[in-house]
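Coordinate analysis (summary)
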Amino acid sequence: LKTIQLAFLSKFQPVSSNKAAMKLCTANLPRLGKAVAVPAFERSALRAGIVHLGVGGFHRSHQAVYTGRTLALDSSWGICGVGLVPSDKKMQEALESQDNLYTLVTKTSKSTSVEVIGSISDYIFAGEGKATEKVINRLAYDQTRIASLTVTEKAYMINDATGDLDDSHPLVRHDLENPASPKTPVGYIVQGLRRRMEMGKMPYTVLSCDNLPLNGKLTEKVVLQFAERVGSDIGLRQWIEEYGAFPNTMVDRITPATTLEDIELVRQGYEIEDVWPVCAEDYTQWVIEDKFVQGRPQWEEAGALLVDDVEPYELMKLRLLNGSHSALAYLSYLAGHRRVHHAMEDDDVFNFVGRYMDTIHPTVPQVPGVCLNAYKEVLKERFSNPNVSDQVSRLAEDGSKKMIGFVRGALEELIAAKADTRAIAAAVAGWIRHSEAEDLNGEAIEINDPQAENLKEFAVKAKSMGSAPFLGKFLGIKFASNDAFRKEVDGYLKQIDDEGVRAVLRSV
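Residues numbered from 1 in each chain as written. Predicted model: local features only at pLDDT ≥ 70, side-chain atom pairs only at ≥ 80, totals over all residues. Heavy atoms only, no water.

Next up on the list: the environment of Arg60. In this fold, Arg60 is placed in helix α1 (residues 57-61). Looking at Arg60, the relative accessible area reads 1%, which means it is buried. Taking the C-alpha atoms as reference, Arg60 lies 13 Å from Tyr123; in sequence the two are 63 residues apart. Setting aside residues up to four positions removed in sequence, Arg60 forms contacts with Val55, Val65, Met91, Tyr102, Trp276, Pro277 and Val278. (Helix = DSSP H or I, 4+ residues; strand = E, 2+ residues; numbered from the N terminus. Buried < 20%, exposed > 50% of the residue type's maximum accessible area, 1.4 Å probe, protein only. Contact = heavy atoms within 4.5 Å.)

Pasting the structure below:
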């Protein structure tokens, strides 16, 4: 696999002095110490060719970094960031106070390096409904050639039962009734495309960078369904189908939430005052279907892999990395672990993760140039990195979406092949028990999930009715009606209550 390991940063070491930290801004870039890598392009020449919805930690550690490393070749591919939810106000304030610069802190198990990222040219906050037209206008600009997204799985507004646009969701209903004043990412994408069609312009490429199976095809599906509902008068759907593009992508870089310790590390170790740095592991990968209607940055020069078929890479990553994260999360939390690297230091958890990966392995196709056994070992090393240790609770978020996207497909294939499903059954039992919103000691668990109340209701039902109602509600009737798998889940649920989580981890 072609990855960026940031080897060119390895020579930089943090400084240690009593000097006051400098505010991160364009004027101070030449004054930063030699330990800090800075943008290799002239930022005054930067123009935004990409409008990106959802500038969170992952976008800033991944796509914005790849893009920044191409801007010396073509400065017309800068990024205009867009925040669509009220909490994005903090990102606007952080970026605007620093000329849209921020620091990337790259951590291996043994070293740390810092780089200033300058690919974001401007940022529009639309989370309070006051800049909606500004965002739509930016999408309609001639200069905008790509609209990209990292908005998490739930923001695509998909009905999990049907795989279609969830027109029962209040935000979707709002956008269908008020298409010129959208609130959802899909609503913005479609309104921007409509504006371009009405102005006689070509569409932009829509580039999903979220962890969704065949994310491009899925995005295209909901965009077309939405366009059919709001643009049938002008043939909007047909125009998008004929002229638009929705490449599939696979994205990978472990990016924990920024901590106060990270901010202090940048301030004390590198003399930079950055209100919101982003921290990530040194491993990074981006595989992109090379299908763009108005060009793209030369991302391959920054280490991205441009291919005709993303699916093998995607299945490898979603099923082995993301699926293992979910399998690890619920049982580890119930076992008392709160940090991922601490969980991986527990032999029972470490061995369970290995068995889960081995169970999933047969459902992953051959990937060009990749040894899957070696990939699994690398994943375990990455999960164990103490310098980029994520919170177990963050991995447990949005389980109602993640278990469908990362686990359900592999489970379906294994059941059809009459293969071993015990490791998945144990992970699902952990998910059900965790969804009760109370750990084994009676302490409350915060369930961060769009289906939190339903999850709790059906998890509590499982105590008296078994796992069938929960499985039917959140994974699908075919899994609830599969006697062998359902009995495995029920057995592990009973074992958790009777013998504890560790007994389950050891018995798989």
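Let's pick the thread back up.
If you walk across this open sheet you meet the 5 strands as β7-β4-β3-β8-β9, and the pairing is parallel. Where the open sheet ends on each side, the last strands, each with one partner, are β7 (120-125) and β9 (205-208). Within this sheet the neighbouring strands show an average axis-to-axis angle of 25°, counted without direction. Running over the sheet, helix α4 (residues 132-140) touches β3 (48-53), β4 (78-83), β7 and β8 (146-149) and is turned about 140° from β7. (Pairing = 2+ DSSP bridges. Axes fitted to C-alpha atoms, helices over the stretch in contact; angles between N-to-C directions.)

This next bit is on unusual backbone geometry. Look at Thr152: it is not a glycine, yet its phi comes out positive at around 75°. Residue position: Thr152 is located in the loop between β8 and α5 (170-177). For Lys418, which is not glycine, the phi torsion reads 55° and is therefore positive. Relative to the helices and strands, Lys418 is located in the loop between α15 (399-416) and α16 (422-434). Lys418 gets classed as exposed once you look at its relative accessible area, which sits at 77%.

For helix α8 (residues 236-243), the full list of buried residues reads Leu236, Trp239 and Ile240. Buried residues of α8 fall within an arc of 95° about the axis and therefore sit on the same side. The inward-facing, buried residues of α8 contact α6 (185-198) and α7 (215-230). (Arc of directions from axis to C-beta.)

Alternating residues of strand β10 (residues 249-252) divide into Thr249 and Val251 and Met250 and Asp252, and every residue in both groups is buried. Pairing analysis gives 4 bridges linking β10 to strand β13 (residues 285-289), with the strands arranged antiparallel. Looking across to β13, one finds that Val251 is bridged to Trp286.

Take the state of the cysteines next. Considering all chains together, one arrives at 0 disulfides under this definition. For Cys80, which is in no disulfide, the shortest distance to another cysteine sulfur is to Cys209 and amounts to 16 Å. (Disulfide = S-S within 2.5 Å.)

Keep in mind these numbers describe shape, not what the thing actually does.
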